[in-house]
Amino acid sequence: MVKKDLFLGVDTGGTGVKYVVTDQDGSVMTSGEVPTDPASIAVSMQRLGAAVADTLGGKSGFPRLAGLGMACAGIVNSATGQLGRSPNLPGWQGRNLPRDIGTVFHKIPVALANDVNGALYGEFRQGAGRNCRNLVMVALGTGVGGGVIIDSKLVVGAHFGAGEIGHMNLDPAGPSCTCGGRGCLEAWAGSTGLLRRAREAAVEGKADDELARLVARRGELLNTLDLAELASSGDAVATEIFAEAGRRLGQAIGNIVNLLDPDRVIVGGGVAQAGELILKPCRETVPGLVLAKESKNVPVVSAELGPLAAAVGAACLAREMGIPG
Ligand SMILES: [Zn+2]
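Residues numbered from 1 in each chain as written. Predicted model: local features only at pLDDT ≥ 70, side-chain atom pairs only at ≥ 80, totals over all residues. Heavy atoms only, no water.

A. Just the environment of K280, in detail. Its location among the elements puts K280 in helix α9 (residues 276-289). By relative accessible area, which is 47% here, K280 ends up partly exposed. A C-alpha to C-alpha distance of 20 Å links K280 and K293, two positions 13 residues apart in sequence. (Helix = DSSP H or I, 4+ residues; strand = E, 2+ residues; numbered from the N terminus. Buried < 20%, exposed > 50% of the residue type's maximum accessible area, 1.4 Å probe, protein only.)

B. Structural detail: the environment of R247. Tracing the chain through its elements places R247 in helix α8 (residues 236-260). R247 sits 58 residues away from A189 along the chain, and the two C-alpha atoms are 9.5 Å apart. Excluding anything up to four places from it in sequence, R247 contacts E240, P281, C282 and T285. (Contact = heavy atoms within 4.5 Å.)

C. Main features of the coordination of the zinc ion. Note on the zinc ion: its protein donors are H167 (ND1), C177 (SG), C179 (SG) and C184 (SG). The metal-donor distances range over 2.0 to 2.4 Å. Taken together, the 4 donor atoms surrounding the zinc ion define angles of 105 to 119 degrees at the centre, an arrangement classified as tetrahedral. What makes C184 buried here is its relative accessible area of 3%. (Donors = N, O, S within 2.8 Å, 3.2 Å for Na, K, Ca; no water. Tetrahedral: all angles 85-135°; square planar, octahedral: opposite > 155°, others 65-115°.)

D. Region of the structure containing the sheet that holds strand β8 (residues 153-154). Strands sit in the order β8-β7-β6-β9-β10 across an open sheet of 5 strands; the sheet is mixed. Each of the sheet's edge strands pairs with one partner strand only, and the pair in question is β8 and β10 (300-302). Alignment of strand β6 (residues 135-140) against strand β7 (residues 144-150), held across 6 bridges, turns out to be antiparallel. From the neighbouring strand, L140 faces β7, where its bridge partner is V144. Across the sheet, α9 is in contact with β6, β9 (264-268) and β10; its angle to β10 comes to roughly 170 degrees. (Pairing = 2+ DSSP bridges. Axes fitted to C-alpha atoms, helices over the stretch in contact; angles between N-to-C directions.)

E. Structural detail: the sheet that holds strand β2 (residues 16-22). Read across the sheet, 5 strands follow the order β3-β2-β1-β4-β5 without closing on themselves; strand pairing throughout is mixed. The two strands at the open ends of the sheet, each matched to only one other strand, are β3 (28-35) and β5 (110-114). The mean inter-strand angle of the sheet, taken between neighbouring strand axes irrespective of direction, is 15 degrees. Pairing geometry for strand β1 (residues 6-12) and β2, over 6 bridges, is antiparallel. By the bridge assignment, V10 is partnered in β2 with Y19. Packing of helix α10 (residues 309-320) onto the sheet brings it into contact with β1, β2, β3, β4 (65-72) and β5, and relative to β1 it is tilted by some 135 degrees.

F. Inspection of the pairing of β3 at higher detail. By the bridge criterion, 7 bridges tie β2 to β3 in an arrangement that is antiparallel. Each residue of the ladder has a partner; that of T22, found in β3, is V28. Between the antiparallel neighbours β2 and β3 lie 5 residues, among them G26 with a positive phi of about 85 degrees.

G. Main features of the layout of surface pockets. What the largest pocket holds in volume is close to 1,600 Å³. D115, V116, A139, G141 and G145 are, among the 49 residues lining the largest pocket, the residues nearest its centre. For the lining of the largest pocket, the secondary-structure elements that each account for two or more residues are β2, α3 (115-126), β6, β7, β9 and α10. Considering each element in turn, the lining of the largest pocket owes the most residues, 4 residues, to α3. Taken together, the residues of the lining of the largest pocket sort by class into 17 nonpolar, 24 polar and 8 charged. Counting contributing residues, the lining of the largest pocket receives three or more from each of domain 1 (6-123 + 308-320) and domain 2 (131-303). Lining the second largest pocket are 16 residues; nearest its centre among them are S78, L112, L154, V156 and L317. (1 Å grid on protein atoms, 1.4 Å probe; cavity = no way out; pocket = protein on both sides within 12 Å on 5 of 7 lines; lining within 4 Å. Points joined across faces, edges and corners; volume = space filled by probe spheres on them. Nonpolar A, V, L, I, M, F, W, Y, C, P; charged D, E, K, R; others polar. Domains from an automatic or database assignment.)

H. The arrangement of the domain arrangement of the chain in detail. Split into domains, the chain comes out as domain 1 (6-123 + 308-320) and domain 2 (131-303). Taking only C-alpha atoms, the centre of domain 1 and the centre of domain 2 are 28 Å apart. Among the residues of domain 1 in contact with domain 2, V116, L120 and E123 are the three that bury the most area, contributing 47% of the side total. Put simply, domain 1 and domain 2 have 0 salt bridges between them. At the junction of domain 1 with domain 2, the criterion picks out 0 residue pairs in polar contact (both at pLDDT 80 or more). The biggest single contributor to the side of domain 1 that touches domain 2 is α3, with 6 residues. Classifying every residue of the side of domain 1 that touches domain 2 gives 8 nonpolar, 3 polar and 1 charged. (Buried area = accessible area lost by both parts, 1.4 Å probe. Salt bridge = Lys/Arg side-chain N within 4 Å of Asp/Glu carboxyl O. Polar contact = N/O pair within 3.5 Å; in protein donor to acceptor, adjacent residues only side chain to side chain.)

Structure, rendered in structure tokens:
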């Protein structure tokens, strides 16, 4: 009898399927990535199966997997296993994920979560949220996602849609958001909104401003790291764009702290690599909005696990769903 001593954690996004193989303590033994086929879960699973077989010394290594966790972009119904709305994975929508996963990984129990909840769970078990029972995560990417853990359990909501922190409305007269609304957190703190504000500022400013030169030089390739570099070199306009995003993030977090009183708030995602440019104004904003004296200085910290967070979290979820092993 093969010892079931490993867990496979998978994080599926629109371009890549990242995976980790962990031991029973959740430590990552190996990791990798294969390209996603957004039109076909079957093709994507075959690619994943081949890559995992390579790392385990062939398919004969699969029986060592005690469980598989998958974090997936979109609305994940962890009760039925069905993937709901998922704009980046059009061919996966409506599919029963455990069934499709099972065609490659036979008879291995499957745990599911959406991608932000996967990342939050990874931070909860192995990263910035260790030793906490109540956590909130805000993921600042192209858009802004979020997740909530209360009493050590992920909160998914009545329709598996909980945690949409990015569309918390902060100002009905604010900038337009990708959702069609106005003044959502995402419109300030997601990279799409941040870069749009940078381009607007470049147009409003003088043509020889540093920001205008950066926007002209980088064109469509402009990203938040370019902007963070300019801010770090002392550019006041770029610094203010991050500061405004940070204050708006602080406003959203202040509201969340009043509602949930978490032990800690974790800020992750690509935009969060701007670090203190966003976190400092955010931390300065939170206390003024929080009612309970004990909660005013809730730690707002950077995520620790980086791009593998959701895959690690998925592996931990698989480990904890009561799989014999
Ligand atoms: Zn919105």
